[in-house]
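Structural overview
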Amino acid sequence: MRWWDIDPVLELEKDLFPEDAWSRGMFWSELAHARGPAATRRYVVAEEDGRIVGYAGLAASGDLADIQTIAVARDHWGTGLGGRLLTELLRAATAFECAEVMLECRVDNIRAQKLYERYGFEAIGFRRGYYQPGNVDALVMRLNDPSTSVQGTEIHG
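Everything quoted here is computed from the prediction, not taken from an experiment.

Focus: the overall build of the protein
A count of helical and extended segments in the protein gives 5 helices and 6 strands. Listing each helix as α and each strand as β along the protein from the N terminus yields α-α-β-β-β-α-β-α-β-β-α. Taken over the C-alpha atoms alone, the protein extends approximately 35 × 35 × 30 Å along its principal axes. The proportion of buried residues among the 157 residues of the protein is 45%. Taking all contacts inside the protein whose residues are at least 6 apart in sequence as the whole, residues at least 24 apart take part in 58%. Element-wise, carbon and sulfur atoms account for 48% of the exposed surface of the protein, whose accessible area totals about 8600 Å². For the protein, the distance from the average position of its 17 positive side-chain charges to the average position of its 24 negative side-chain charges is 1 Å.

So, in structure tokens, the structure goes:
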């Protein structure tokens, strides 16, 4: 993801997460840490025919990575794009030499939870009222050793 991707990413963000969409400033802040030798972030976009149809981001700190966001356009649900984006983030976590990956997922987002479980994430707790302003709880999930979840997986195109 680059700065010129922020506007189309924001459109998708507002469609998918209307109550708790990230702001332009939040994306700018994350991208500011995604370049150079001291980079601690990895943000990617998926495009089809010049249109952004998905994006994902990860933050690394020491041996811990945190999946910040994964989003797939509604017309691409069920295509495997979410898994490809997640694989790219897990590769980034491995490159950052992270021993484990954490994430928060809305308790009512069963589709995402099933994706994460397929990659070996396990539920370890809840964060009450994490998603605001809707006051929706988050399921906290953890993956130990992200390198084992991406071995033998290839991303094409």
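Overview of helix H2 (residues 24-32)
Burial in H2 covers these residues: Phe27, Glu30 and Leu31. Buried residues of H2, viewed axially, fall in a sector of 95 degrees; they line one side. Packing partners of the buried residues in H2 comprise helix H1 (6-16), strand S1 (41-48), strand S2 (51-61) and strand S3 (64-72).

Observations concerning the packing of aromatic side chains
Counted according to the given criterion, the structure contains 6 aromatic pairs. On the numbers, 4.9 Å between centres and 45 degrees between planes, the contact of Trp22 with Phe27 is tilted. Phe27 carries the same exposure label as Trp22, and that label is buried. Taking 6.5 Å as the distance between ring centres and 55 degrees as the angle between the ring planes, the aromatic pair formed by Trp22 and Tyr43 counts as tilted. With Trp22 in the loop between H1 and H2 and Tyr43 in strand S1, the pair connects residues that are 21 residues apart, well separated along the chain. Overall, Trp22 belongs to the buried group, its relative accessible area being 15%. A network of ring pairs unites the aromatic residues Trp22, Phe27, Tyr43 and Tyr55 as a single cluster. Lying over the aromatic face of Tyr131, Arg106 brings its terminal NZ or CZ to 5.8 Å of the ring centre. Sitting over the face of the ring of Phe126, Arg128 holds its NZ or CZ atom 5.1 Å from the ring centroid.

Notes on the packing of H1 against H2
Each pair of packed helices can be summarised by the angle the axes make with each other and by the distance between the axes. Interaxial distance between H1 and H2 falls to 10 Å at its minimum, and their mutual angle equals 130 degrees. As summarised for this structure, H1 and H2 are arranged oblique, according to the angle between their axes. Here the hand of the crossing between H1 and H2 comes out right-handed. Between H1 and H2, the residues in contact are Ile6, Asp7, Val9, Leu10 and Glu13 and Arg24, Phe27, Trp28 and Leu31, respectively.

Reading the values: the criteria
- Residues numbered from 1 in each chain as written.
- Predicted model: local features only at pLDDT ≥ 70, side-chain atom pairs only at ≥ 80, totals over all residues.
- Heavy atoms only, no water.
- Helix = DSSP H or I, 4+ residues; strand = E, 2+ residues; numbered from the N terminus.
- Buried < 20%, exposed > 50% of the residue type's maximum accessible area, 1.4 Å probe, protein only.
- Contact = heavy atoms within 4.5 Å.
- Areas by Shrake-Rupley, 256 points an atom, 1.4 Å probe, with all protein chains shown as cover.
- Lys, Arg positive; Asp, Glu negative; His and termini not counted.
- Charge placed at Lys NZ, Arg CZ, Asp CG, Glu CD.
- Arc of directions from axis to C-beta.
- Phe/Tyr/Trp six-rings, centres within 6.5 Å; stacked < 30°, edge-to-face > 60°.
- Lys NZ or Arg CZ within 6 Å of the ring centre and 35° of its normal.
- Axes fitted to C-alpha atoms, helices over the stretch in contact; angles between N-to-C directions.
- Parallel < 35°, antiparallel > 145°, perpendicular 65-115°, else oblique.
- Left-handed = near helix turned anticlockwise from the far one by under 90°.

Note that every value here comes from positions in space, so none of it alone points to a role or purpose.
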